[in-house]
Amino acid sequence: MLRIAEFKPTAPFNVAMLLLTPIYETVNGVKTKKYDENAGISFNGSFQTYGGTEITVNGLYSVEDTANITTWYMPEIQSNCRIKILATDAKYDIIGEPENINLRNQFLKFKVKRVKGYA
């Protein structure tokens, strides 16, 4: 019988976060996303930045604030959600689809990108 290696988180889940799920509204025929911080779900996880990700766009070099988050499995965490770090009020969008480690519904791992600026 083939055994799957047991996953154990390397860092404690000691960072308080808020899960912001999108609310879709149609404005002038365009579907827009909004996030209600009062309806967020709080949870704890590990938050590791590793100094960000270097990117070059149109010949312009910059460092994008990215981080890896590991937490307990929550089916509410989807790729269209936003994460708010409660200690700093920084907001992050989830990149890609969150990974359900070994499909055991025990741990969840995903990458996030910081949302900055105002439009």
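What counts and what doesn't
Residues numbered from 1 in each chain as written. Predicted model: local features only at pLDDT ≥ 70, side-chain atom pairs only at ≥ 80, totals over all residues. Heavy atoms only, no water. Helix = DSSP H or I, 4+ residues; strand = E, 2+ residues; numbered from the N terminus. Buried < 20%, exposed > 50% of the residue type's maximum accessible area, 1.4 Å probe, protein only. Contact = heavy atoms within 4.5 Å. pLDDT = per-residue confidence, 0-100. Phe/Tyr/Trp six-rings, centres within 6.5 Å; stacked < 30°, edge-to-face > 60°. Lys NZ or Arg CZ within 6 Å of the ring centre and 35° of its normal. Salt bridge = Lys/Arg side-chain N within 4 Å of Asp/Glu carboxyl O. Pairing = 2+ DSSP bridges. Axes fitted to C-alpha atoms, helices over the stretch in contact; angles between N-to-C directions.

### Observations regarding the overall build of the chain
At step 1: Counting its secondary structure elements, the chain contains zero helices and ten strands.
At step 2: Put simply, the chain runs from its N terminus to its C terminus through helices and strands in the order β-β-β-β-β-β-β-β-β-β.
At step 3: Dimensions along the principal axes, computed over C-alpha positions, put the chain at roughly 55 × 35 × 30 Å.
At step 4: Across the 119 residues that make up the chain, the buried fraction comes to 27%.
At step 5: Across the chain, every contact between residues at least 6 apart in sequence was considered, and the portion connecting residues at least 24 apart equals 56%.

### Looking at the confidence of the model for the chain
Low pLDDT marks stretches whose predicted atomic positions should not be read closely.
At step 1: In the predicted model, the chain carries a mean pLDDT of 91, and the fraction of residues at 70 or more is 96%.
At step 2: Considering each helix and strand of the chain separately, the mean pLDDT is smallest for strand β5 (residues 53-57), with a value of 82, and largest for strand β1 (residues 15-20), with 97.

### Concerning the environment of Asn102
At step 1: With respect to the element layout, Asn102 can be found in the loop between β9 (91-100) and β10 (107-114).
At step 2: Each C-alpha atom, one on Asn102 and one on Ala5, is 8.7 Å from the other, the two residues being 97 residues apart in sequence.

### A few points about the packing of aromatic side chains
Centre distance and the angle of the planes are the two values used to describe a pair of aromatic rings.
At step 1: In total, this model carries five aromatic pairs according to the counting rule given.
At step 2: Between Phe13 and Trp72, the aromatic rings sit 5.4 Å apart at their centres with planes inclined by 90°, giving edge-to-face as the arrangement. Here Phe13 is found in the segment before β1, whereas its partner Trp72 is found in strand β7 (residues 66-72), with 59 residues between them in sequence.
At step 3: Here Trp72 falls in the partly exposed class, since its relative accessible area comes to 47%.
At step 4: Put simply, the rings of Phe7, Phe13, Trp72 and Phe107 touch in pairs and so form one group of aromatic residues.
At step 5: Directly above the aromatic system of Tyr24 lies the positively charged group of Lys31, at a separation of 5.1 Å from the ring centroid.

### Some thoughts on the pattern of salt bridges
A side chain with one charge can pair with a side chain of the opposite charge if their charged atoms come near.
At step 1: Under the counting rule described, the total for this entry stands at seven salt bridges.
At step 2: Taking the shortest distance from any N to any O, the salt bridge between Lys91 and Glu37 comes out at 3.1 Å. Of the two residues, Lys91 sits in strand β9 while Glu37 sits in the loop between β3 (30-35) and β4 (41-48), which places them 54 residues apart along the sequence.
At step 3: Among the ionic pairs, Asp89 bridges to Lys84, the shortest N-O distance being 3.6 Å.
At step 4: Overall, Asp89 belongs to the partly exposed group, its relative accessible area being 48%.
At step 5: Beyond isolated ion pairs, a larger network of salt bridges with shared partners links Glu37, Lys84, Asp89 and Lys91.

### Considerations on the sheet that holds β10
At step 1: With antiparallel pairing, six strands are arranged side by side around a closed barrel as β1-β4-β7-β10-β9-β8. Geometrically, the sheet is characterised by an average inter-axis angle of 45° between neighbouring strands, direction not taken into account.
At step 2: Sheet topology note: the β1/β4 ladder contains five bridges and is antiparallel. Each residue of the ladder has a partner; that of Val15, found in β4, is Gly45.

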